[in-house]
Amino acid sequence: MPTASPFSRLALPAGLLVILAWGLNFPLQKALLAAMGPGGFLCLRFTLMPLLVIGLLLQQHGLHWPRVSRQDAWALARLGLLGQGLHLMLSSFGVHWSTPFSSSVLLACGPIFTLLILRAYGLERLRRAQLVGIVLAVAGALLFMSDKLLAANWRAGGGDLVLLIAAALFSYYTVAAKPLIERHGAVLVMCYASLAATPPVLLYAVPAALQTDWAAITPGLWLGALWAVVGIGFGSWLAWGWVNAQRGVARTAPLIYLMPPIAGLAAWLAGGEQFGTAKLLGATLTLAGVAWAQFAPQASATRQAADAQPPVLD
């Protein structure tokens, strides 16, 4: 049950503001990646994020951070490497190669992968309604990507496929993090996993960042980068967790489907991204299939795991 508080009435407006920020972040991230390259942006992100995480841990626990067992430490390291490090690397390249609207639609497919992973682990049995939603989402995704594939636009088409892999990796994070969160709490798991992901990502990103022409980055882009890392990558995730606590996951999760239309409109206004009939129809079918698979009648454990997944963002 959501936790009642005097601020509960602010949860819905706060959730809508978070969704608005996430939607607008896609064209911003596209511009940042064009200026810095994926390596440069990842280097900046994984330089700033550990400072924010450490600050949060110090604020909550002082110098005495909670201990975890050796088994959980290895699980957190694996979670960080795959669910944060590799996921964020792939999503950065995917957004760089693809378009903001395509990125928002394909990354919203995460709940489908969550359901499939739960099935692969033998934790849940997929019901007929969920299978219908998965088939609809797959058909929509193929239609959505058809213009790029038929035109042999392998860079953009490859970017779309990379985004789907990134979404699948975050779905793995969603499933694998659940028992750790039950033992240690969501904030601690996020912090420790983020710290575990930092060294290997920087090992790749620092040499790539040395090739970036940082002097050419405009002050506006620097402010945008600071917002993308601090506001979106850190602050909005904490805000989303608070909204979930106030409203409950099941009532908050449907707000995520407002994100692709916001990203598409912002990409059209800011960058002139064009949408043909096939792309719009494919996006509609994809999101409808994801929503049907996510919210169709199902076992409670499956619903909780699928509903809990936020959008995958840098």
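You'll find the structure just up there.
## Observations concerning a nonpolar patch on the surface
And then number 1: A cluster of nonpolar residues, Ile 54, Leu 58, Leu 63 and Trp 65, forms a patch on the protein surface that exposes about 380 Å² of accessible area.
And then number 2: When you line up the elements, Trp 65 lands in the loop between helix H1 (11-61) and helix H2 (70-97).

## A few points about the packing of helix H4 (residues 110-120) against helix H11 (residues 277-295)
And then number 1: Two numbers describe how H4 lies on H11: the axes approach to 8 Å, and their chain directions differ by 40°. One finds that H4 runs oblique with respect to H11. When you trace H4 past H11, the crossing you get is left-handed. Along the contact surface, H4 presents Pro 111, Ile 112 and Leu 115, while H11 presents Gly 289, Val 290, Ala 293 and Gln 294.
And then number 2: For the contact of H4 with H11, a count of residues per class yields 5 nonpolar, 2 polar and no charged.

## Details of the environment of Leu 107
And then number 1: Here Leu 107 is to be found in helix H3 (residues 100-107).
And then number 2: Between the C-alpha atoms of Leu 107 and Ala 167, which are 60 residues apart in sequence, the distance is 5.3 Å.

## Some thoughts on the pattern of salt bridges
And then number 1: On inspection of all chains with the given rule, the structure shows 2 salt bridges.
And then number 2: Here Asp 72 ties to Arg 183 by a salt bridge, and the two come within 2.8 Å at their closest N and O atoms. Placement of Asp 72 in helix H2 and of Arg 183 in helix H6 (residues 154-184) is noted, with a sequence separation of 111 residues between them.
And then number 3: Asp 72 sits in the buried class, given a relative accessible area of 7%.

## So, helix H8 (residues 219-247)
And then number 1: Largest kink in H8: about 35°, centred on Gly 235.
And then number 2: Of the residues trailing H8, Gly 248 is marked for its positive phi of about 90°.

## Side note on the packing of aromatic side chains
And then number 1: In this structure the tally under the stated criterion is 10 aromatic pairs.
And then number 2: Here Phe 170 and Tyr 173 contribute two aromatic rings whose centre-to-centre distance is 5.2 Å and whose plane-to-plane angle is 15°, an arrangement assigned as stacked. In this pair, Phe 170 and Tyr 173 both sit in helix H6, 3 residues apart, roughly one turn of the helix.
And then number 3: The buried category is assigned to Phe 170, whose relative accessible area is 5%.
And then number 4: The class for Tyr 173 is buried, based on a relative accessible area of 11%.
And then number 5: For the ring pair Trp 214 and Trp 222, a centre distance of 5.7 Å and an interplane angle of 25° mean the geometry is stacked.
And then number 6: Using a relative accessible area of 27% as the deciding quantity, one classes Trp 214 as partly exposed.
And then number 7: Taken together through their ring pairs, the aromatic side chains of Trp 22, Phe 170, Tyr 173, Trp 237 and Trp 240 make up a single cluster.
And then number 8: When the ring centre of Phe 46 is taken as reference, the NZ or CZ atom of Arg 45 above it lies at 5.1 Å.
And then number 9: Cation over ring: Lys 279 sits above Phe 144, and NZ or CZ is 4.1 Å from the ring centre.

## A look at the nonpolar core
And then number 1: By size, the foremost hydrophobic cluster in this structure holds 43 residues, and its most contacted members are Ile 19, Trp 22, Leu 32, Met 36, Phe 144 and Trp 240.
And then number 2: Among the elements that line this core, the one with the most residues is H1, at 10 residues.
And then number 3: If we ignore the near neighbours within four places in the chain, the residues touching Phe 144 are Phe 101, Ser 102, Val 105, Leu 106, Lys 279, Gly 282 and Ala 283.

## Structural notes on H11
And then number 1: Over its 19 residues, H11 extends 27 Å from the first C-alpha to the last, a length consistent with the 27 Å expected when each residue adds 1.5 Å.
And then number 2: All buried positions along H11 are accounted for by Lys 279, Gly 282, Ala 283, Thr 286, Leu 287, Gly 289, Val 290, Ala 293 and Gln 294. Buried residues of H11, seen end-on, are gathered within an arc of 155° and therefore sit on one face of the element. Turned more than 90 degrees off the buried face of H11, the exposed positions are Thr 277 and Thr 284.

## Digging into the environment of Thr 286
And then number 1: Relative to the helices and strands, Thr 286 resides in helix H11.
And then number 2: On the basis of relative accessible area, Thr 286 is assigned to the buried category, the value being 0%.
And then number 3: Put simply, Thr 286 and Phe 144 are 142 residues apart on the chain and 8.0 Å apart in space, counted from C-alpha to C-alpha.
And then number 4: In this view, Thr 286 contacts Val 105, Cys 109, Ala 137, Gly 140 and Ala 141; residues no more than four positions away in its chain are not counted.

Conventions we followed
Residues numbered from 1 in each chain as written. Predicted model: local features only at pLDDT ≥ 70, side-chain atom pairs only at ≥ 80, totals over all residues. Heavy atoms only, no water. Patch = residues over 30% accessible without salt bridge, like charges linked within 9 Å, V, L, I, M, F, W, Y side chains within 5 Å. Areas by Shrake-Rupley, 256 points an atom, 1.4 Å probe, with all protein chains shown as cover. Salt bridge = Lys/Arg side-chain N within 4 Å of Asp/Glu carboxyl O. Helix = DSSP H or I, 4+ residues; strand = E, 2+ residues; numbered from the N terminus. Axes fitted to C-alpha atoms, helices over the stretch in contact; angles between N-to-C directions. Parallel < 35°, antiparallel > 145°, perpendicular 65-115°, else oblique. Left-handed = near helix turned anticlockwise from the far one by under 90°. Contact = heavy atoms within 4.5 Å. Nonpolar A, V, L, I, M, F, W, Y, C, P; charged D, E, K, R; others polar. Buried < 20%, exposed > 50% of the residue type's maximum accessible area, 1.4 Å probe, protein only. Bend = angle between axes of the 7 residues up to and from the residue. Phe/Tyr/Trp six-rings, centres within 6.5 Å; stacked < 30°, edge-to-face > 60°. Lys NZ or Arg CZ within 6 Å of the ring centre and 35° of its normal. Core = buried A, V, L, I, M, F, W, Y, C linked by side-chain atoms within 4.5 Å. Expected span 1.5 Å × (residues − 1). Arc of directions from axis to C-beta.

By themselves these figures say nothing about function.
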